[in-house]
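Spelled out, the chains give:
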Amino acid sequence: MNAPIAAPVLKEQGLDVILSDGQPHYFNYYWLRDNCPSSFNSSTRERSFDIFHLDDAPTPKAAEIVGDALEIVWSGEDHVTFFPLSWLETYAIAGPRKDPADLPREAWYGDHFPKVPRFSQPELMADPEVRRKWIEAMLVEGFVILTDMPDSNEALTETANLIGQVRPTFFGDYFDVKTYINPTNTAYTSAALELHTDTPAEEHAPGVQFLHCRANTVQGGESLYADGVAVANDFRQRDPEGFKLLSEVSIPFYCEHDDYDMRSRQTVIELDQHGEVSGLTISQHMLDIIDLDQALLDRYYPAFCRFGRMLQEEKYMMRFLMKSGECMVFDNHRIVHGRAAYSATSGDRYLRGCYTDRAEMRSTYRALVSEGRFKA
């Protein structure tokens with residue numbers, strides 16, 4: 001980079017230093033002292049300096065450019081900081097650190113099944129590059145199919161652990177989807193299951209769902225999936241006022257039985273830090289009595305119903321039969337899923353499922369594709 005054309009200018013609470021663009025850039029003294037390279041332990045990769053322990057506000061005794069670095073001699077403590085000017089360039093303009101996991105989403109529609117990304121589970125276990133491609137597909141499309149899954153409980157756990165830790169819900173660490181005599185959930189019957197996201201009654205619903213198909217020889221039971229991002233993006237164009245209501249007004253969800261009573265409030269449409277649609281929370285069988293002001297319901301319910309009908313349009317609906325040895329992995333905040341009714345006496349249908357979190361998935365992806373702030 002080009003050498004600065006002037007020495008740093010010390011001010012009351014910070015200093016100006018000219019960087020390679022030839023312009024002065026202001027840096028606060030607290031920030032400079034707190035982020036001195038020596039403030040971080042290279043082994044733990046955590047900050048070891050505690051700015052709370054300073055008796056006085058950090059103030060430079062002197063500051064100058066030495067080669068390609070800013071040198072600061074601090075007043076009142078025996079400490080000198082060296083900042084590479086190239087490092088200061090990174091933080092010259094305020095903003096969040098670049099996130100390799102913040103990838104643009106690609107919406108998909110009902111004809112997407114032949115193009116769904118597919119990965120062999122044994123290859124995922126053996127090859128970090130295949131894992132990278134798998135997680136990238138999850139971040140971008142939100143839905144993948146894993147093939148060649150061993151017929152064991154351990155295989156599901158090992159696969160989930162490639163992304164993160166198995167994340168318990170109030171149903172437990174795992175759940176088994178089959179027909180029960182006394183079901184506590186609609187999924188545990190042979191009835192049709194409307195499009196939904198799972199466990200909306202949890203304050204923070206799990207982010208990634210795994211559904212391992214161990215057997216499927218029944219008549220019926222077609223799987224239904226739709227991309228909530230695609231539907232909500234189109235809804236935003238079709239009904240801007242309805243979109244505003246569903247993305248800003250939270251409504252109650254519940255899940256109740258003999259020994260649990262889970263409740264939460266969620267917006268139906270979820271937006272990310274960029275204002276883009278990142279997912280949905282929706283489930284008709286776990287929707288509590290909507291407790292909004294009745295006058296607001298005059299506008300909310302019609303918008304809610306318009307959006308619910310959109311979710312069921314054939315344009316968005318992907319239909320297929322799951323096969324034994326496959327595992328559906330999808331973003332539980334983005335992909336709505338359901339199934340057609342099936343004949344419980346016509347064969348065997350058994351799915352075993354679990355969850356992990358989206359944050360852990362993004363963490364794993366970052367570790368696979370970048371070195372972070374601490375270079376080896």
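Above: the structure in question.
Below you will find a few notes about this structure. Predicted model only: the values in this text are computed from it and were never measured.

Definitions and cut-offs
Residues numbered from 1 in each chain as written. Predicted model: local features only at pLDDT ≥ 70, side-chain atom pairs only at ≥ 80, totals over all residues. Heavy atoms only, no water. Salt bridge = Lys/Arg side-chain N within 4 Å of Asp/Glu carboxyl O. Helix = DSSP H or I, 4+ residues; strand = E, 2+ residues; numbered from the N terminus. Buried < 20%, exposed > 50% of the residue type's maximum accessible area, 1.4 Å probe, protein only. Axes fitted to C-alpha atoms, helices over the stretch in contact; angles between N-to-C directions. Parallel < 35°, antiparallel > 145°, perpendicular 65-115°, else oblique. Left-handed = near helix turned anticlockwise from the far one by under 90°. Contact = heavy atoms within 4.5 Å. Nonpolar A, V, L, I, M, F, W, Y, C, P; charged D, E, K, R; others polar. Pairing = 2+ DSSP bridges. 1 Å grid on protein atoms, 1.4 Å probe; cavity = no way out; pocket = protein on both sides within 12 Å on 5 of 7 lines; lining within 4 Å. Points joined across faces, edges and corners; volume = space filled by probe spheres on them. Polar contact = N/O pair within 3.5 Å; in protein donor to acceptor, adjacent residues only side chain to side chain.

### Examining the pattern of salt bridges
Working step 1: Scanning the model with the defined rule gives 23 salt bridges in all.
Working step 2: Between Arg238 and Glu313 there is a salt bridge, and its shortest N-O distance comes to 3.1 Å. With Arg238 in helix H6 (residues 228-238) and Glu313 in the loop between helix H8 (294-311) and strand S20 (318-320), this residue pair connects regions lying 75 residues apart in the sequence.
Working step 3: On the basis of relative accessible area, Glu313 is assigned to the partly exposed category, the value being 25%.
Working step 4: One continuous salt-bridge network, built from bridges that share partners, spans Glu129, Arg132 and Glu136.

### Considering the packing of helix H4 (residues 128-141) against helix H9 (residues 358-369)
Working step 1: Closest axis-to-axis distance for the H4/H9 pair is 10 Å, and the angle between their directions is 135°. Viewed along their axes, H4 and H9 adopt a mutual orientation that is oblique. Once H4 is placed against H9, the crossing between them reads as left-handed. Of H9, the residues touching H4 (which contributes Pro128, Arg131, Arg132, Ile135, Glu136, Met138 and Leu139) are Met361, Arg362, Thr364, Tyr365, Leu368 and Val369.
Working step 2: When its residues are assigned to classes, the contact of H4 with H9 shows 8 nonpolar, 1 polar and 4 charged.

### Quick look at the sheet that holds strand S3 (residues 24-28)
Working step 1: Strand order across the open sheet formed by 3 strands is S1-S2-S3, with antiparallel pairing between neighbours. Unpaired on one side and paired on the other, strand S1 (9-10) and S3 mark the two borders of the sheet.
Working step 2: Looking at chain direction, strand S2 (residues 14-18) and S3 are connected through 5 bridges and run antiparallel. Bridge pairing in S3 places Ile18 opposite Pro24.

### Observations concerning empty space enclosed by the protein
Working step 1: If you walk through the whole model with that rule in mind, you get 2 cavities of 30 Å³ or more.
Working step 2: Space inside the second largest cavity adds up to approximately 30 Å³.
Working step 3: Surrounding the second largest cavity, Thr197, Asp198, Thr199, Pro200, Ala205, Leu280, Thr281, Asn332 and His333 form its lining.
Working step 4: Here the residues of the lining of the second largest cavity sort into 3 nonpolar, 5 polar and 1 charged.

### Things to note about H6
Working step 1: The set of residues buried in H6 consists of Gly228, Val229, Ala230, Val231, Ala232 and Phe235.
Working step 2: Tucked inside the fold, the buried residues of H6 contact strand S15 (223-227), helix H7 (240-248), strand S18 (269-271), strand S19 (277-280) and H8.
Working step 3: Near the N-terminus of H6, the side chain that reaches the backbone nitrogen of Val229, with its oxygen 3.0 Å away, is that of Asp227.

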